[in-house]
Amino acid sequence: MTPSLTLILGGARSGKSTFAEQLAQERFRQPLYLATAECTDPEMAARIAAHRARRGPHWRCVEEPLDLAGALQASDPACDGVLVECLTTWLANVLVKEGEAAVATRRQALLAALASSPRPLILVSNEVGLGIVPEYPLGRQFRDLAGWLNQDLAREAHAVAFLVAGLPMWLKR
Amino acid sequence: MTPSLTLILGGARSGKSTFAEQLAQERFRQPLYLATAECTDPEMAARIAAHRARRGPHWRCVEEPLDLAGALQASDPACDGVLVECLTTWLANVLVKEGEAAVATRRQALLAALASSPRPLILVSNEVGLGIVPEYPLGRQFRDLAGWLNQDLAREAHAVAFLVAGLPMWLKR
Amino acid sequence: MTPSLTLILGGARSGKSTFAEQLAQERFRQPLYLATAECTDPEMAARIAAHRARRGPHWRCVEEPLDLAGALQASDPACDGVLVECLTTWLANVLVKEGEAAVATRRQALLAALASSPRPLILVSNEVGLGIVPEYPLGRQFRDLAGWLNQDLAREAHAVAFLVAGLPMWLKR
C-alpha cells in the first residue's frame with residue numbers, strides 16, 4: 001500500500017503552513033520538516049525561527065532548495081512522515097538557479113520520489129494563477145510552470161485541500 | 001448568545017457586494033451600511049451612488065475609513081444588523097494613512113468590537129493572495145496583511161463564504 | 001427545453017481546457033471547437049497544434065476572435081455540441097481592438113446567442129480577480145470587465161465548475 005500523499009494548496013497568507021503543520025502533528029509521531037526556502041535575509045531568518053518555535057522540538061528539519069527528490073529519498077528513516085514546504089519556492093529556486101530545462105528533469109525526479117516514498121507526505125504549494133496576466137515574461141513563465149506542477153501533484157495526491165482564509169475546501173479526499 | 005458574524009470573501013468583481021446585500025436584506029429589517037471607502041473621485045462617487053440606489057431607502061449609511069471599531073460601537077441602536085464593506089479597503093486606508101503599526105492596533109480593536117457586537121454583522125473582504133508575488137514591496141506587505149486579516153476574521157466568524165462569479169462556496173456555516 | 005450551458009472557470013494553468021474537453025468528449029458525438037484566440041506567434045501556433053492533436057480528428061474547429069454571437073449562430077448544424085475557449089481571450093480581443101463600448105454591445109449579443117442556442121454549450125473562462133489591484137488602468141478595467149462577464153455567464157449557466165490544480169469544485173449543478 002502506498003503511503004498517503006496530501007497536497008495543501010492556497011494563496012499567500014491563506015493559512016497553508018499552519019494547516020499543514022496541524023495535519024502533520026495529528027498524523028506523525030516523529031515528523032520531518034523538509035524546507036525548500038533558503039535563509040537569505042534577516043526577514044526570512046525571523047520567519048524560519050518563528051516557524052520552528054511553533055512546531056516544537058520533536059520535529060526534525062532539513063533544508064534543500066534544489067534536489068528535493070534526493071532529500072526525500074535520503075530522509076531520516078526514524079521519521080514516520082514528511083512535511084515539504086513549499087513546492088512553489090522549490091520551483092522558483094530551480095527555475096532561477098538552473099533554468100527551465102532543469103525544471104522538467106527535477107519535476108520528473110520529484111514525481112518518481114513521491115510515488116515511491118516509504119513514508120506519508122504532506123506537500124504545501126501556492127496557487128498563483130488567479131490574477132491578471134503578469135506583465136513580464138518571467139512572471140508568465142513561472143505562473144505556467146507553477147500551475148502545471150500543481151496539476152501534476154494533485155493528480156498523484158490522495159487528498160487535496162484548497163485553503164482560503166485558513167479554511168480548507170477538500171477537492172479530493 | 002453572540003449575534004452572528006458572517007464573512008463574505010471573494011476577488012474583485014466576484015459579486016461579493018450584491019450577495020452580502022441580499023443576505024442583509026433577508027436578515028435585517030433596519031440594516032446599517034458601514035462604508036470604509038472614501039469618496040475621493042467621480043468614478044467612486046458614481047459607484048457609491050449606484051450602490052445606494054440598489055439598496056433602497058430603508059438602509060442607513062455611515063462612512064468611516066479608519067476607526068471601524070469605534071463606528072461599530074457607536075452605530076445607531078435602531079439598526080438590527082450591520083453590513084461592513086469592505087475590510088480590505090479599510091486595511092489599505094489604515095496602512096497608507098497611519099502606517100503598519102496602526103494596523104496591528106486597529107486590528108485588535110476591530111476584533112474586540114466584533115466579538116462584543118450587540119447586533120449581527122456581515123463583513124465583506126477581498127481575497128488578494130492568489131496571483132504571483134507582487135513586484136513592489138508595498139504590494140507584498142499589503143498582500144500579507146490582507147491575508148492575515150482574513151484569517152483572523154474567518155476564525156471569529158460563524159459563517160464564511162468564498163464567492164466566484166457571484167456563486168458562494170460556504171467554507172464554514 | 002433549453003440545451004445545457006456549462007461554465008468552466010479557473011486560473012491560468014488550472015486544467016480548465018483539459019477538463020472542458022473531457023466533458024465535451026463525454027457529452028458530444030460531433031463536437032465543435034470554437035476558438036477565440038488568434039494565431040499571432042509561433043508559441044501560440046504550437047499551443048494550438050498541441051490542443052488539436054489532443055482533441056482528435058472528429059472535432060470540427062472554427063476560429064472567431066470578435067463576433068462570438070455570430071459564430072455560435074452560424075455554427076455547423078451537424079455538430080451536436082460546442083466548446084468555446086475561451087471567453088476571457090474573446091473579451092480581451094474586443095476590448096483591445098474595438099474598445100469598451102463594443103464590449104457592452106457584444107456581451108449583450110453573446111448572452112442572447114447563449115440563451116437561444118439550439119445545441120448544448122461548454123464555455124471556458126478565466127478567473128482573474130484574486131490578486132492585488134493591478135498597477136495600470138487597463139489591467140484594472142480588464143479585471144472589472146472579466147469579473148462582470150463571468151457573473152453574467154454564471155447566472156445563465158446550468159452548471160458552473162471552478163477548477164484548481166485540475167480538480168473541479170461545482171458551484172452550481
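Heads up: the structure comes first, above all this text.
Small disclaimer: the values here were computed from a predicted structure and weren't measured.

What counts as what
Residues numbered from 1 in each chain as written. Chains lettered and ligands numbered in written order. Predicted model: local features only at pLDDT ≥ 70, side-chain atom pairs only at ≥ 80, totals over all residues. Heavy atoms only, no water. Helix = DSSP H or I, 4+ residues; strand = E, 2+ residues; numbered from the N terminus. Rg over C-alpha atoms; globule rule 2.2 N^0.38 Å. Lys, Arg positive; Asp, Glu negative; His and termini not counted. Charge placed at Lys NZ, Arg CZ, Asp CG, Glu CD. Contact = heavy atoms within 4.5 Å. Buried area = accessible area lost by both parts, 1.4 Å probe. Salt bridge = Lys/Arg side-chain N within 4 Å of Asp/Glu carboxyl O. Polar contact = N/O pair within 3.5 Å; in protein donor to acceptor, adjacent residues only side chain to side chain. Nonpolar A, V, L, I, M, F, W, Y, C, P; charged D, E, K, R; others polar. Pairing = 2+ DSSP bridges. Axes fitted to C-alpha atoms, helices over the stretch in contact; angles between N-to-C directions. Buried < 20%, exposed > 50% of the residue type's maximum accessible area, 1.4 Å probe, protein only. Least-squares fit on C-alpha atoms with pLDDT ≥ 70 in both.

Draft legend 1. Here's a closer look at the overall build of chain A. When helices and strands are counted, chain A shows six helices and seven strands. Mapped from its N terminus to its C terminus, chain A presents α and β elements in the order β-α-β-α-β-α-β-α-α-β-α-β-β. Computed over C-alpha atoms, the radius of gyration of chain A comes to 15 Å, within 12% of the 16 Å expected from 2.2 N^0.38 for 173 residues, which places it in the range of a compact globule. Referenced to the eigenvectors of the C-alpha coordinate spread, the extents of chain A come out at roughly 45 × 35 × 30 Å. Once the 18 positive and 18 negative side-chain charges of chain A are each reduced to a mean point, those two points are 5 Å apart.

Draft legend 2. Focus on the interface of chain C and chain A. Facing the 23 residues of chain C at the interface are 20 residues of chain A. Buried area between chain C and chain A, summed over both chains or domains, comes out near 1700 Å², and the portion from carbon and sulfur atoms is 68%. Together, C:Arg13, C:Ala165 and C:Leu167 form the three largest contributors to the area buried by chain C at its contact with chain A, with a combined 35%. At the boundary of chain C with chain A, the tally comes to one salt bridge. Among the salt bridges present, the one from A:Asp144 reaches C:Arg13, with a minimum N-O distance of 2.7 Å. On the surface where chain C and chain A come into contact, there are six residue pairs in polar contact (both at pLDDT 80 or more). Elements supplying a minimum of two residues to the side of chain C that touches chain A: helix H6 (137–156), strand E6 (159–164) and strand E7 (167–172) of chain C. Looking at the side of chain C that touches chain A residue by residue, the classes come out as ten nonpolar, eight polar and five charged.

Draft legend 3. Layout of the sheet that holds strand E5 (residues 121–126) of chain B. Residue and element names in this part refer to chain B. The strand order E3-E2-E4-E5-E1-E6-E7 describes an open sheet built from seven strands, whose pairing is mixed. Each end of this open sheet is capped by a strand with a single partner; those strands are strand E3 (60–63) and strand E7 (167–172). For this sheet, the mean inter-axis angle between neighbouring strands, taken without regard to orientation, is 20 degrees. Alignment of strand E1 (residues 5–10) against E5, held across six bridges, turns out to be parallel. The partner of Leu7 across the bridge, within E5, is Leu123.

Draft legend 4. Summary view of the interface of chain C and chain B. Each partner contributes residues to the interface: chain C has 20 residues there, and chain B has 23 residues. With both chains or domains summed, chain C and chain B bury close to 1700 Å², and 68% of this area falls on carbon and sulfur atoms. Sorting the residues of chain C by area buried against chain B places C:Leu130, C:Ile132 and C:Leu171 first, and these three jointly supply 40% of that buried surface. For the pair chain C and chain B, the number of links is one salt bridge. For the side of chain C that touches chain B, the secondary-structure elements that each account for two or more residues are H6, E6 and E7 of chain C. For the side of chain C that touches chain B, the leading source of residues is H6(C), giving seven residues. Tallied by class, the residues present in the side of chain C that touches chain B amount to ten nonpolar, five polar and five charged.

Draft legend 5. Representation of the pattern of salt bridges within the structure. All names here are of chain B. Taken as a whole and judged by the stated rule, the model has 24 salt bridges over all chains. One salt bridge connects Asp80 with Arg29, and the closest N-O pair in it is separated by 3.8 Å. You can see Asp80 sitting in the loop between helix H3 (68–74) and strand E4 (81–85) and its partner Arg29 sitting in the loop between helix H1 (16–27) and strand E2 (31–35), a full 51 residues away along the chain. For Asp80, a relative accessible area of 22% corresponds to the partly exposed category.

Draft legend 6. View of the relation of the copies chain C and chain B. Taken as rigid bodies, chain C and chain B are interconverted by a rotation of 120 degrees and an axial shift of 0.0 Å, the fit giving an RMSD of 0.0 Å. A rotation of that kind, with that shift, is consistent with a three-fold axis. Residues of chain C ranked by C-alpha distance from the rotation axis are headed by C:Gly131, positioned 2.6 Å from it.

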